[in-house]
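Notes for the structure review
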Amino acid sequence: MQKGIIGKKLGMTQLFDANGKVVPVTIIEAGPCTVVQKKTVESDGYQAVQMGYGEVSAKKVNKAAKGHFDKADVAPKRTLREFRFEDIASVNVGDILKADVFAEGDKVDVSGVSKGKGYQGVIKRFGQHRLRESHGTGPVARHAGSNGSTSTPSRVFKGKKLPGHMGAVRVTVQNLSVVKVDAENNLIAIKGAIPGPKGSVVTIHDSVKA
């Protein structure tokens, strides 16, 4: 990983490329992010950069977090994230990173928490088929089919696709393209959709598969 930043999903819109073709994009308010801590192999066993994003009142920060921010001599931040950069020598505590760390055409991975769907059945959760709506399958047609055998194995195997909580998990969408960067307003337009609802916090870093 060479570069990364924390941002907030603002929503989706569309832009036009040089050929007049419509490009669906997600607008992200990327930064400004302040470097709060540098972790090294000598002190922490690995090297990484911890960034803070979003202002928060000092009254809402506990003593441990307040000490952490005071040590770095930065204002309290609402969100902290780590980025394992390959080279952290050029980054120092207190530095401010903005949207211009990325440029048009860059390939990025975006991570966030997906929208929560609540408790859902197997049809919506896993895309399973309905049961036959004929004699002998009633009174419902949207239930899962047979869950297991009789005396062998006398149980339901782990991993069986059953109803349950859907969404609200960490998701990463890979190999998205940066369509436009507005450094003055800290905005990045990324082609396609990204995880999470409007207003959710996401992290952007260069693609691991580019």
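Above this text sits the structure in question.
Residues numbered from 1 in each chain as written. Predicted model: local features only at pLDDT ≥ 70, side-chain atom pairs only at ≥ 80, totals over all residues. Heavy atoms only, no water.

Bringing the overall build of the protein chain into the picture now. A count of helical and extended segments in the protein chain gives three helices and twelve strands. The dimensions of the protein chain, computed from C-alpha atoms along their principal axes, are 70 × 50 × 35 Å. Out of the 210 residues belonging to the protein chain, those deemed buried represent 32%. Long-range contacts, defined here as pairs at least 24 residues apart, represent 72% of the contacts in the protein chain between residues at least 6 apart. Surface summary for the protein chain: the accessible area is close to 13000 Å², and the carbon and sulfur share equals 51%. With 33 positive and 19 negative side-chain charges, the protein chain shows a separation of 15 Å between the mean positions of the two kinds. (Helix = DSSP H or I, 4+ residues; strand = E, 2+ residues; numbered from the N terminus. Buried < 20%, exposed > 50% of the residue type's maximum accessible area, 1.4 Å probe, protein only. Contact = heavy atoms within 4.5 Å. Areas by Shrake-Rupley, 256 points an atom, 1.4 Å probe, with all protein chains shown as cover. Lys, Arg positive; Asp, Glu negative; His and termini not counted. Charge placed at Lys NZ, Arg CZ, Asp CG, Glu CD.)

Here the focus is the pairing of strand β7 (residues 107–113). The element β7 is extensively covered by neighbouring structure, given that five of its seven residues are classed as buried. With six bridges joining them, β7 and strand β10 (residues 170–182) adopt antiparallel strand pairing. In the strand pairing of β10, S111 is matched with T172. Summarising the sheet, β7 and strand β12 (residues 201–206) pair through four bridges and their orientation is antiparallel. Paired with S111 across the strands is T203, a residue of β12. (Pairing = 2+ DSSP bridges.)

Our next topic: the nonpolar core. For soluble globular proteins, nonpolar side chains are generally found buried alongside one another. Counting residues in each nonpolar core, the largest one holds 25 residues, and the members touching the most others are V49, M51, V108, V110, I188, I190 and I204. Listed by contribution, the elements that provide at least two residues to this core are β1 (4–16), β2 (22–30), β3 (33–39), β4 (48–55), β7, β10, β11 (187–191) and β12. No other element matches β4, which puts three residues into this core. Beyond its immediate chain neighbours, meaning those up to four positions away, V108 contacts F102, V173, Q174, N175, L176, V178, I190, I204, H205, D206 and S207. (Core = buried A, V, L, I, M, F, W, Y, C linked by side-chain atoms within 4.5 Å.)

Strand order in this open sheet of four strands is β5-β4-β3-β6, and the pairing throughout is antiparallel. Strands with a single pairing partner mark the edges of an open sheet, and in this sheet they are β5 (77–83) and β6 (96–97). The pairing of β3 with β4 spans six bridges and is antiparallel. Looking across to β4, one finds that Q37 is bridged to Q50. Sheet strands in contact with helix α2 (residues 63–72) are β3, β4 and β5, and its direction is about 95 degrees off that of β3. (Axes fitted to C-alpha atoms, helices over the stretch in contact; angles between N-to-C directions.)

In this section: the side chain of N186. Following the sequence through the fold, N186 ends up in the loop between β10 and β11. The class of N186 is buried, set by a relative accessible area of 12%.

Further remarks concern the sheet that holds β11. Read around the closed barrel, the six strands follow the order β1-β2-β11-β10-β7-β12; overall the barrel is antiparallel. The sheet shows a mean angle of 50 degrees between the axes of neighbouring strands, taken without regard to direction. As judged from the four bridges shared by β10 and β11, these two strands associate in the antiparallel manner. Note that in β11 the partner of D182 across the bridge is L187.

So, to be careful, I would describe these as geometric facts and stop short of saying anything about function.
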